[in-house]
Amino acid sequence: MKLHFFGAAREVTGSCFLVETGNVRFLVDCGMVQGGNLAALRNHAPFPFDPELIDFVLLTHAHIDHCGLLPKLTRSGFKGPIFATPATVDLLGVMLSDSAHIQQSELKRPAKLYRKKEKIGPLYTQKDVRECLNQATTVEYDSQLKPHPFVQCRFRDAGHILGSAIIEVWVTEGGSTKKLVFTGDLGQPGRPILRDPTPIDEADILVMESTYGNRIHKDMLSMEEDMIAIVEKTLFKRGGNVIIPAFAVGRTQQILYHLHRLTCERRLQQTKIFVDSPMATEATRITREHIEIFDEQAKGLARWHAKSKDIPYLYFTATVEESKALNRIHSGAIIISASGMCDAGRIRHHLLHNLPRRECSVLISGFQARGTLGRQLEEGADKVRILGKEIPVRASIHSVEGLSAHADQSALLKWASLFRKAPHHTFVVHGEIEAALPLAKALEQRYGWSTSIPEYGHEVTWA
């Protein structure tokens, strides 16, 4: 039995793990690499395995760094099923279609906006996306799945985004069965909308995320107080706009939840909120359709929202013209737009118009991968390049980590503590080395676990 690490190894994005035995070969995730000048080249490179020989794919959730290369996989010859929860399958149609659209749009941009050798063709088309979606098969939480005579699986709630899953996998070879657990991305417990991550009691091999393995998030009350201070100072004292780069799936809905609840509780003045992302609009609709997997607090807010009482002004832009019109608003607006790391989508236009203005603020609401525009802003750049133009950064930049959909170090360790016995070995992934190393050391020192941090291409063999 072999386990290969073909992504999210000493980095956050590009999740892709290959499990193979003499009888079966399958992937857990097939995600896109994000951030840095080499991301596009890596995404366009041939797969380090033969897609035609893959029997099936298990998908943890619908974020693009976990699912973004699935259409490329099917285009390259993969014919098997893609298993995911119902909500994830619903979101896949939105995420992958938007990804194909962005790639095609980038191709049409004037060549002068690109640096030398930067412009390359799309990874896949809308036709590829449709064919990929035909291979998606839904799996309910906590049900048993047997995708192959020698493999059994169970999807458990990861509490990260709508439909996200921890995947338990039992693989049998030569009469011996080993249990592998892939965390995908774990959510922060006690956060609104989604339920807390499901505890797992045992595993032979654990593949565990570490995005915030070196950080502790602020508690929700402190985080909300930060949000209130940023919004009120920017909108009502300085007369500017608040620009929020946000992932269309998960983060946008979470931010809307907080803004609505704070308004309902009269802790925040009435504001004008614009969601400028067709993908986020569709993802929000899908989120409302899956209220059965909300936590109780979110269900209560949904009931309040249905009564249309004291709701803040909220508008979802539908057209390019409406998006452009937002750039003529000079004060009093909260504009939420994708992409969350600022490297694509409409958010770049809003940053282009608002970053040079001292009265405005940018609220960074999630992890920013190394090499992204969001990371440059987070690290204090005084000027950035957007759409071929050099833009001065005069707006205030605020990072509100408590909004992250990822578990922090404390939550990751608490989740690990619920194992009845230590896994035979734990591979710490989905984190830059600065985050993965402290988590691996903490697991070793507190619980006596055997851990390692694999590099890209690392292969593990066990009997």
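No experiment lies behind these values; they were computed from the predicted model shown.

Enquirer: What is the right way to read the sheet that holds strand β6 (residues 136–138) from this model?
Expert: Within a sheet, neighbouring strands are paired by backbone hydrogen bonds and run either parallel or antiparallel to one another. Across the sheet, seven strands lie side by side as β6-β5-β4-β3-β2-β1-β22; this open sheet has mixed pairing. At either end of the open sheet lies a strand with only one pairing partner, and these are β6 and β22 (459–461). When strand polarity is set aside, the average angle formed by the axes of neighbouring strands in this sheet is 25 degrees. As paired elements, strand β1 (residues 2–5) and strand β2 (residues 17–20) share four bridges and run antiparallel to each other. Its bridge partner being in β2, K2 is matched across the sheet by E20.

Enquirer: I tried to follow the side chain of S210 on my own but got confused; where do I start?
Expert: Position of S210 among the secondary structure elements: in the loop between β11 (205–209) and α6 (220–238). Reaching out from S210, the side chain makes a polar contact with the backbone oxygen of V429 at a distance of 2.8 Å. Those residues in contact with S210 that lie beyond four places of it in its chain are L412, V428, V429, H430, G431, A435, A436 and L439.

Enquirer: Where do I start with the packing of aromatic side chains in this structure?
Expert: One pair of aromatic rings is described through two measures. These are the centre distance and the angle between the planes. What the rule picks out here adds up to 13 aromatic pairs. Ring plane angle 80 degrees and centroid distance 5.5 Å describe the contact between W415 and F419, whose orientation is recorded as edge-to-face. For F419, a relative accessible area of 8% puts it in the buried group. Lying across the ring of Y456, R42 places its NZ or CZ 5.7 Å from the centre. The aromatic ring of F47 is capped on one face by K72, whose charged end is 4.6 Å from the ring centroid.

Thresholds, definitions, all that
- One numbering rule holds for all chains: residues counted from 1, following each sequence as written.
- Reporting in this predicted model follows two pLDDT cut-offs: at least 70 for local features of residues, and 80 or more for side-chain atom pairs to be given and counted; totals over whole chains, interfaces and linings ignore these cut-offs and use all residues.
- Values reported for side chains reflect all heavy atoms of the structure, with hydrogen atoms and water molecules removed beforehand.
- The rule for pairing is simple: two strands pair if DSSP sees at least two bridges between them.
- Each helix is a run of H or I in the DSSP string that is no shorter than four residues. Each strand is a run of E no shorter than two, and both are numbered from the N terminus.
- Axis definition: a line fitted to C-alpha atoms, limited for helices to the stretch in contact. Angles are taken between N-to-C directions and run from 0 to 180 degrees.
- Side-chain atoms alone can form a polar contact between residues adjacent in sequence; in general such a contact is a pair of N or O atoms within 3.5 Å, and within protein one must be able to donate a hydrogen while the other accepts it.
- In what follows, a contact means two residues having at least one pair of non-hydrogen atoms within 4.5 Å.
- Pairing of aromatic rings covers Phe, Tyr and the six-membered ring of Trp, with a centre-to-centre limit of 6.5 Å; geometry is then stacked below 30 degrees between planes, edge-to-face above 60, and tilted otherwise.
- Exposure categories follow from relative accessible area, calculated using a 1.4 Å probe and restricted to protein chains: below 20% of the type maximum is buried, above 50% is exposed, and the middle band is partly exposed.
- A ring has a charge above it when a Lys NZ or an Arg CZ is no more than 6 Å from the ring centre and no more than 35 degrees off the ring normal.

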